[in-house]
Amino acid sequence: TPARAQDAADRAWAAGDVETATRLYSARLAADSNDVRALHRVALSRAWAGRHDEALALLDRALRLDPNDRERLVDRARILAWKGDPAGAAASLEPLLQRDPGYVPALQARAQFLSWAGDFDASLRTYGRILEISPGDRAVGLDRARVLSWASRFAASQAAYDSLLRRNRFTGSRGASAYGL
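From a predicted model like this one, the values you see are computed outputs, not experimental measurements.

Draft legend 1. Representation of the packing of helix H3 (residues 36–48) against helix H4 (residues 52–65). Taken N-terminus to C-terminus, the directions of H3 and H4 make an angle of 160°; their axes are 8 Å apart at the nearest point. As far as their axial angle goes, H4 and H3 are roughly antiparallel. For the pair H3 and H4, the crossing hand works out as left-handed. Counted together, Val-36, Leu-39, His-40, Val-42, Ala-43, Arg-46 and Ala-47 of H3 and His-52, Glu-54, Ala-55, Leu-58, Leu-59, Arg-61, Ala-62 and Leu-65 of H4 form the full contact between these two elements. Across the contact of H3 with H4, the residue classes break down as 10 nonpolar, two polar and three charged.

Here is the structure:
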């Protein structure tokens, strides 16, 4: 049955078996070309394989069916960035961020894409916005420190890393180096 096929595809996806999941989602699409989850997952699979144009076409089809799905909008921007247009990817998130200015996944993607495009100031402003929303988010602090170093703001980068280390003391044999610090 279609529901059983969806469940099997979802289980394969959750288990990290992208090849099996893609095959099962593709079969779902053959039975129901409007299955937005299958369109989304097959699009991601195609993008990971470097088939960006095909991935964008699939995701655009899913977005025509459900135009306000935030996760799909962010993933569409990711595919644009992976295709080599990080500035365009960041810009594509603006309508979503106009509607939902505090949507952290879109802000994180925007900050990352801006940094990839070399717009470090805009990236850092976006990371600052995220830290206003989620002040304790260590991963965002690490990303921000990394962008500071890319922007040749080495003293600020070091201070950011030092601050993260002070707030997140590590014990045991793994130490800070195991966490990228």
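Draft legend 2. Structural view of H3. An ideal rise of 1.5 Å per residue puts 18 Å on 13 residues; H3 measures up with 18 Å between its terminal C-alpha atoms. Inspection of H3 places Ala-38, Leu-39, His-40, Val-42, Ala-43, Leu-44, Ser-45, Arg-46 and Ala-47 among the buried residues, and these make up the whole buried set. With a side-chain oxygen lying 3.2 Å from the backbone nitrogen of Arg-37, the N-terminal cap of H3 falls on Asp-35. Once H3 finishes, Gly-50 follows within two positions and takes phi at roughly 85°, a positive value.

Draft legend 3. Inspection of the confidence of the model for the chain at higher detail. Considering every residue of the chain, the mean pLDDT works out to 92; 90% of them sit at 70 or more. In the predicted structure, residues 175–179 sits below a pLDDT of 50 and forms eight contacts with residues beyond four places in sequence or in another chain.

Parameters and conventions
- Residues numbered from 1 in each chain as written.
- Predicted model: local features only at pLDDT ≥ 70, side-chain atom pairs only at ≥ 80, totals over all residues.
- Heavy atoms only, no water.
- Axes fitted to C-alpha atoms, helices over the stretch in contact; angles between N-to-C directions.
- Helix = DSSP H or I, 4+ residues; strand = E, 2+ residues; numbered from the N terminus.
- Parallel < 35°, antiparallel > 145°, perpendicular 65-115°, else oblique.
- Left-handed = near helix turned anticlockwise from the far one by under 90°.
- Contact = heavy atoms within 4.5 Å.
- Nonpolar A, V, L, I, M, F, W, Y, C, P; charged D, E, K, R; others polar.
- Expected span 1.5 Å × (residues − 1).
- Buried < 20%, exposed > 50% of the residue type's maximum accessible area, 1.4 Å probe, protein only.
- Polar contact = N/O pair within 3.5 Å; in protein donor to acceptor, adjacent residues only side chain to side chain.
- pLDDT = per-residue confidence, 0-100.

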